[in-house]
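Report on the structure
Now for the letters of each chain:
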Amino acid sequence: MTWIGFAAVFGLFFLTHSLPLRPAIKSQIVGLTGAHVFRIGYSVLSLATLSILIWAAGQAPYVQLWPQTIWQRHVVQAGMLAVCLILVFSVARPNPFSFGGANNGAFDPHHPGLVRITRHPILLALALWAGLHLLPNGDLAHVILFGVLGGFAVAGRHLINRRKRREIGSAEWHALNAAVAQAPLLKSKMPFSQIILRLGAGLALFAGLLWIHPVLIGVSAH
């Protein structure tokens, strides 16, 4: 694959991620499919285009910037466990600050859980994933790939904050944000049984990624 082909796949990735989230387009799609189907479809589309983009980076011309070492792989493995846990403790949880919240009317700013640490846990997981994968992938195509995706995740916080302030009102958003900032760290109303269930799901996700990584990416994660 040439650099032009790699750039074209990158453009397709951002096109499929940005267009469905534009308010006018999203409202039309949700009106046709329903919010639940939209979320599932968008998630599948995101994973599919991300997989194609990662494949394209592996096919692009190889230009080494730094070598890979064993310690880099160990750091990635430990960090990805944290990424998996962040994901499973934030998905399908109330979060009026982020795009991935569910049942936001039930959100309690005095018991925000993970939202106390970061208002955008899914974006944090994406940024960590990208930053971690920069370590063992020191060739130009992968540095561009993970650098851009990590930067996209960091910049996305400001874009989502601006959109959410517009949706719920600036005064209400700031009041809610201040209440969360004053809440105790990691205080949550999540039942202990659900904590154990999500912890198990995080470990299962981590194990599944280790297993499927050579199948999807063609490189062992061990």
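To start, this report covers the structure provided alongside it. Keep in mind that this is a model prediction, so the values were computed, not measured.

This brings us to the packing of aromatic side chains. Each aromatic ring pair is specified by the distance between its two centres and by the angle formed by the two planes. According to the stated counting rule, one finds 8 aromatic pairs in the structure shown. Measuring from ring centre to ring centre gives 5.6 Å for F10 and F14, while their planes differ by 5°; the resulting arrangement is stacked. With F10 and F14 both in helix α1 (residues 3–18), this residue pair falls 4 residues apart, about one helical turn. You can call F10 buried: its relative accessible area is 8%. A relative accessible area of 26% places F14 in the partly exposed class. With centroids separated by 5.2 Å and ring planes inclined at 75°, the aromatic side chains of W129 and F146 adopt a geometry described as edge-to-face. Taken as a pair, W129 in helix α5 (residues 121–134) and F146 in helix α6 (residues 140–168) lie far apart in primary sequence, 17 residues in all. Judged on exposure class, the residue W129 and its partner F146 are both buried. Taken together through their ring pairs, the aromatic side chains of W3, F6, F10, F13, F14 and F152 make up a single cluster. The cationic tip of R119 hangs over the ring face of F97; the distance from NZ or CZ to the ring centre is 5.6 Å. A cation over a ring is seen here: R165 above W173, with NZ or CZ 5.0 Å from the ring centre.

Quick look at helix α4 (residues 70–88) now. Relative to the 27 Å expected for 19 residues at 1.5 Å per residue, α4 spans 28 Å between its end C-alpha atoms, a close match to the ideal helical length. Along α4, the residues that are buried comprise Q72, R73, V76, G79, M80, V83, C84, I86 and V88.

With their axes 12 Å apart at the nearest point, α1 and α6 run at an angle of 20° to one another. Considering their axes alone, α1 and α6 lie roughly parallel with respect to each other. The way α1 lies across α6 gives a crossing that is right-handed. Contact residues: α1 offers W3, F6, F10, F13 and F14, while α6 offers L140, A141, I144, L145, V148, L149 and F152. Looking at the contact of α1 with α6, its residues break down into 12 nonpolar, no polar and no charged.

The next point concerns the environment of L135. Summarising the element assignment, L135 is placed in the loop between α5 and α6. The partly exposed category is assigned to L135, whose relative accessible area is 26%. When neighbours within four sequence positions are excluded, L135 is seen to be in contact with W66, W71, Q72 and V75.

Quick look at the packing of α5 against α6 now. In contact at an axis separation of 8 Å, α5 and α6 are set at 160° when each is read in the N-to-C sense. Classified by the angle their axes make, α5 and α6 are roughly antiparallel. The way α5 lies across α6 gives a crossing that is left-handed. Note on element contacts: α6 touches α5 through H142, V143, F146, G147, L149, G150, A153, V154, G156, R157 and I160, opposite L123, L126, A127, W129, A130, H133 and L134. Among the residues forming the contact of α5 with α6, the class breakdown is 12 nonpolar, 5 polar and 1 charged.

What counts as what
Residues numbered from 1 in each chain as written. Predicted model: local features only at pLDDT ≥ 70, side-chain atom pairs only at ≥ 80, totals over all residues. Heavy atoms only, no water. Phe/Tyr/Trp six-rings, centres within 6.5 Å; stacked < 30°, edge-to-face > 60°. Helix = DSSP H or I, 4+ residues; strand = E, 2+ residues; numbered from the N terminus. Buried < 20%, exposed > 50% of the residue type's maximum accessible area, 1.4 Å probe, protein only. Lys NZ or Arg CZ within 6 Å of the ring centre and 35° of its normal. Expected span 1.5 Å × (residues − 1). Axes fitted to C-alpha atoms, helices over the stretch in contact; angles between N-to-C directions. Parallel < 35°, antiparallel > 145°, perpendicular 65-115°, else oblique. Left-handed = near helix turned anticlockwise from the far one by under 90°. Contact = heavy atoms within 4.5 Å. Nonpolar A, V, L, I, M, F, W, Y, C, P; charged D, E, K, R; others polar.

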